[in-house]
Amino acid sequence: MNHFLLLGLSVLATAVGLYLIPFCKKAVLLIAMMSVFGISYGIMDTGGNVLILTLWGDKGAPHMQALHFSFALGAFLTPILAKLALGTTASPENHTEPHLHPAALNRSPEADPGLLFAAPDDLNLLWAYAAIGTYTFVVSVFLFALFFMKSSKHEKSTASAQGSRRAKHHRALLCLLFLFFFFYVGAEVTYGSYVFSFATTHIGMEESEAAGLNSAFWGAFAACRGLAILFATCLRPGTMIVVSNIGSLVSSLFLVLFDKNPLCLWIASSVYGASMATTFPSGISWLEQYTSISGKSAAFFVIGGSLGEMAIPAVIGILQGEYPGLPVVLYTCLGSATFTAALFPVMYKLATLPLDRQEKENRRSKDQKALPSNSGL
């Protein structure tokens, strides 16, 4: 399918889901709406990366960083805006629930058992979803406009980016990147989801201080992704991955060693968030340098990241509840950082071996053409 059409439809489905979610009065209906929302989000996650690779190829590292910076910026700002819109004292963390209004307490959800759709008790909640849904709808309109615009510039860009090259270990690289993103995304979401609860239960922080710690992690994450747009113009993706792996490994090690020290927790959390920021977009740009990434290939390793996002936080949440005295969340971050730091050299070796042979053959052919016997002298 046309990339702009597919992205436009997925964003439109997201907007419709955002409009309908506040009105759902049945759990089954809400599950259906959230499933549609998840499907459309998965299409956007994969399709956005593939579109950038199609338009710019291995020259699209800054654009890839910009795309993922927008995700980080939204993850940082949206909970704050939602908190302001709801007018509650709730924190944007995983376990804190907003205070219910008296009207919501007085009304019983079983009052109308046959009702499928109805306005929510809190109208601020409705306006928050409606605002985000309207914003998403406007984005879908722009994507549909790009679909109907048949510009020669786009055709030339697409044609120039379609030159296929395939590494000798193409499938092995995809499988390794699948594992790489599985542990990386799983660790990122695990720490971002549980740092608030961990700080209040394990360290004994006040909720306001723990909320600031959570904001420090995501703020450093978003800021470093913004800076990565500039870094990507002068640094190779592989270099950025190595620097990110070292930063993640060192910061997670300090988190484990000084898990009871609030100051170390603040500093290491910020460094950890900054180190995790550039890994995902840099990984995609790095792979594009050595082998062409099709829609199927991108979907494969994005599924790896999505599985890590789903499975690792769930398992760690259970283990942390079973062993509250141990910093299981920090152990997970250190283990994931160690695994990804050890895995990337293997990926690099597999990716560069075929290229080294190709470069040697190209050099031999150039040398033969430069010989006097071949030049007609």
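Residues numbered from 1 in each chain as written. Predicted model: local features only at pLDDT ≥ 70, side-chain atom pairs only at ≥ 80, totals over all residues. Heavy atoms only, no water.

A. Representation of the overall build of the chain within the structure. Of the regular secondary structure elements, the chain holds 14 helices and 0 strands. Put simply, the chain runs from its N terminus to its C terminus through helices and strands in the order α-α-α-α-α-α-α-α-α-α-α-α-α-α. Of all 377 residues assigned to the chain, the portion counted as buried reaches 42%. The long-range share in the chain, meaning contacts at least 24 apart out of those at least 6 apart in sequence, stands at 82%. Approximately 20100 Å² of the chain is accessible, and the part contributed by carbon and sulfur atoms is 68%. (Helix = DSSP H or I, 4+ residues; strand = E, 2+ residues; numbered from the N terminus. Buried < 20%, exposed > 50% of the residue type's maximum accessible area, 1.4 Å probe, protein only. Contact = heavy atoms within 4.5 Å. Areas by Shrake-Rupley, 256 points an atom, 1.4 Å probe, with all protein chains shown as cover.)

B. Representation of helix α10 (residues 262-276) within the structure. Over its 15 residues, α10 extends 21 Å from the first C-alpha to the last, a length consistent with the 21 Å expected when each residue adds 1.5 Å. Buried residues of α10: C264, L265, A268, S269, Y272, G273, S275 and M276, and no others. Looking down the long axis of α10, one finds its buried residues gathered within 160° of arc, a one-sided arrangement. Exposed residues on α10 whose side chains face more than 90 degrees from its buried face are L263 and I267. (Expected span 1.5 Å × (residues − 1). Arc of directions from axis to C-beta.)

C. Inspection of the environment of I203 at higher detail. Looking at the element boundaries, I203 is found in helix α7 (residues 170-203). When the C-alpha positions of I203 and N261 are compared, they lie 7.9 Å apart, and in sequence the two are 58 residues distant. Residues contacting I203, with those up to four places away along its chain left out, are F198, D259, K260, P262 and L265.

D. Just the UniProt feature "transmembrane region" (unreviewed entry) in the chain, in detail. Here, the residues flagged by UniProt with the feature "transmembrane region" (unreviewed entry) are residues 27-54, 66-86, 126-148, 172-196, 242-259, 265-287, 299-319 and 325-348. This span, residues 172-196, is 100% helix and 0% strand, and a straight line between its end C-alpha atoms measures 38 Å. A helix fraction of 91% and a strand fraction of 0% characterise residues 265-287, whose end C-alpha atoms lie 33 Å from each other. (UniProt positions renumbered as here; feature names shortened; annotations may be inferred.)

E. A look at the side chain of S244. As for its position among the elements, S244 is in helix α9 (residues 237-257). At 2.6 Å, the side chain of S244 forms a polar contact with the side chain of T278. Setting aside anything within four residues of it in sequence, one finds S244 in contact with S275, T278 and T279. (Polar contact = N/O pair within 3.5 Å; in protein donor to acceptor, adjacent residues only side chain to side chain.)

F. Broad picture of the packing of aromatic side chains. In total, this model carries 16 aromatic pairs according to the counting rule given. Ring centres of F180 and F181 lie 6.0 Å apart, and the angle between their planes is 65°; on these two criteria the pair is classed as edge-to-face. (Phe/Tyr/Trp six-rings, centres within 6.5 Å; stacked < 30°, edge-to-face > 60°.)

G. Quick peek at the packing of helix α1 (residues 3-20) against helix α5 (residues 123-148). For the pair α1 and α5, interaxial distance at closest approach is 8 Å and the crossing angle is 165°. Classified by the angle between their axes, α1 and α5 sit roughly antiparallel to one another. As for the relative orientation of α1 and α5, their crossing is left-handed in sense. Its residues assigned to classes, the contact of α1 with α5 shows 18 nonpolar, 6 polar and no charged. (Axes fitted to C-alpha atoms, helices over the stretch in contact; angles between N-to-C directions. Parallel < 35°, antiparallel > 145°, perpendicular 65-115°, else oblique. Left-handed = near helix turned anticlockwise from the far one by under 90°. Nonpolar A, V, L, I, M, F, W, Y, C, P; charged D, E, K, R; others polar.)

H. Spatial organisation of the side chain of R225. Looking at the element boundaries, R225 is found in helix α8 (residues 207-231). No salt bridge is formed by the buried R225, whose closest oppositely charged neighbour, E188, lies at an N-O distance of 4.6 Å. (Lys, Arg positive; Asp, Glu negative; His and termini not counted. Salt bridge = Lys/Arg side-chain N within 4 Å of Asp/Glu carboxyl O.)

I. Highlighting the packing of helix α2 (residues 27-56) against helix α12 (residues 295-322). Packing of α2 against α12 leaves a shortest axis separation of 9 Å and a crossing angle of 130°. On the basis of the axis angle, α2 is oblique to α12. As α2 runs across α12, the sense of the crossing is right-handed. Residues D45, T46, N49 and V50 of α2 touch α12, and the partners they reach there are G295, A298, A299 and V302. Of the residues in the contact of α2 with α12, the class split is 4 nonpolar, 3 polar and 1 charged.

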